[in-house]
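# Examination of the molecular architecture
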Amino acid sequence: MSYIPCAIVLYPTKKLSELAYKIHQDLQTQGTLATTGNFDAHLSLYLLELDTNNIKEVENILNEFASSNRIVSLSAKAVRQGGGWVDVEYTRNDIVDDIQLNVIKNINPLRSGLREKDKKTIGTATNSQLENLQKWGYRNAGDEFTPHVTLARFNDKDIQVKFDINLHEFDDQFTSIGMFEMGDYGTCVRKFFEIPLLM
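How each quantity is defined
Residues numbered from 1 in each chain as written. Predicted model: local features only at pLDDT ≥ 70, side-chain atom pairs only at ≥ 80, totals over all residues. Heavy atoms only, no water. Helix = DSSP H or I, 4+ residues; strand = E, 2+ residues; numbered from the N terminus. Buried < 20%, exposed > 50% of the residue type's maximum accessible area, 1.4 Å probe, protein only. Polar contact = N/O pair within 3.5 Å; in protein donor to acceptor, adjacent residues only side chain to side chain. Contact = heavy atoms within 4.5 Å. Salt bridge = Lys/Arg side-chain N within 4 Å of Asp/Glu carboxyl O. Expected span 1.5 Å × (residues − 1). Arc of directions from axis to C-beta. Disulfide = S-S within 2.5 Å. 1 Å grid on protein atoms, 1.4 Å probe; cavity = no way out; pocket = protein on both sides within 12 Å on 5 of 7 lines; lining within 4 Å. Points joined across faces, edges and corners; volume = space filled by probe spheres on them. Nonpolar A, V, L, I, M, F, W, Y, C, P; charged D, E, K, R; others polar.

Assignment of secondary structure puts histidine 42 in the loop between helix 1 (14-27) and strand 2 (43-51). Taking the relative accessible area as the measure of exposure, histidine 42 reaches 14% and is therefore buried. A distance of 2.6 Å separates the side chain of histidine 42 from the backbone oxygen of aspartate 40, its partner in a polar contact. Apart from the residues within four sequence positions on either side, histidine 42 is in contact with Val9, Leu10, Tyr11, Pro12, His148, Val149, Thr150, Phe180 and Gly186.

Pasting the structure below:
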């Protein structure tokens, strides 16, 4: 058996993907990025440790899920900076909350323990996050869910970058669901599949 860290995510439209990538490229002029792998704009729903033998089963579950769930419209709320991260945060709504919960509930039985990163940082978890880790293997579930698209992660955790951004350009529809193998800091090392949601 082989275990890898995986991310189940929502993907935005091509327009937002291209905008996020352009900003990601521009931000590289302000510091050294810590991220490895490919930049692929996404909104994380569930990060988990997975046996590679279960990848096809996850795909089957998400294919069935996508056949009965529609694309999600989200409004950008703020730009967040902290710990070297630069993110665009989105306003939660019932639709995206339900999608996350349903995905986690359906995929959790296939999870293989905790990701190595979570094992190392479990001491920093709040009570709510610890409960999530014990139940789902993922600290940012339910009330801890903060929908966002990451634009960059810098080596310098104290960096505060300056860039112009029209937040409303990030108001968008998330049109597909997929899964990839994660590199450091949530980047995509190997994309397994992407499935369109209903229009």
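Taken as a whole and judged by the stated rule, the model has 13 salt bridges. Its salt-bridge partner being lysine 191, residue aspartate 40 comes within 3.9 Å of it at the nearest N-O pair. Here lysine 191 lies in strand 8 (residues 188-196) and aspartate 40 lies in the loop between helix 1 and strand 2, a separation of 151 residues in the sequence. A salt bridge links arginine 80 to aspartate 87, with the shortest nitrogen-to-oxygen separation between them at 2.9 Å. We classify arginine 80 as partly exposed; its relative accessible area is 28%. Overall, aspartate 87 belongs to the buried group, its relative accessible area being 5%. Taken together, the shared-partner salt bridges connect Lys77, Arg80, Asp87 and Glu89 into one network.

Time to look at helix 1. With 14 residues, helix 1 should reach 20 Å at 1.5 Å per residue; the first-to-last C-alpha distance of 20 Å fits that figure. What helix 1 keeps buried is the set Leu16, Leu19, Ala20, Ile23, His24 and Leu27. Looking straight down helix 1, one finds its buried side chains confined to an arc of 140 degrees; they lie on one side. Facing away from the buried side of helix 1 by over 90 degrees, the exposed positions are Lys14, Lys15 and Lys22. Contacts made by the buried residues of helix 1 are with strand 1 (3-12), strand 5 (85-90), strand 6 (148-153) and strand 7 (172-182).

Okay, the state of the cysteines next. With the rule as written, the count across this model stands at zero disulfides. We note that cysteine 6 lacks a disulfide partner, and the nearest cysteine sulfur, in cysteine 188, lies 10 Å from it. By relative accessible area, which is 0% here, cysteine 6 ends up buried. The buried category is assigned to cysteine 188, whose relative accessible area is 6%.

Here the largest pocket defines a volume of roughly 1,200 Å³. Lining the largest pocket are 44 residues, and of these Leu47, Trp85, Lys117, Tyr185 and Gly186 sit closest to its centre. Among the secondary structure elements, those contributing two or more residues to the lining of the largest pocket are strand 2, strand 4 (76-82), strand 5, helix 4 (116-121) and strand 6. Here the lining of the largest pocket is composed, by residue class, of twelve nonpolar, 18 polar and 14 charged. Reported here for the second largest pocket is a volume of approximately 150 Å³. Counting only elements with at least two residues in the lining of the second largest pocket, the list comes to helix 3 (94-107) and helix 5 (127-136). Ranked by the residues each element gives to the lining of the second largest pocket, the list is headed by helix 5, at five residues.

Take it as geometry only, folks, not as evidence of what the structure does.
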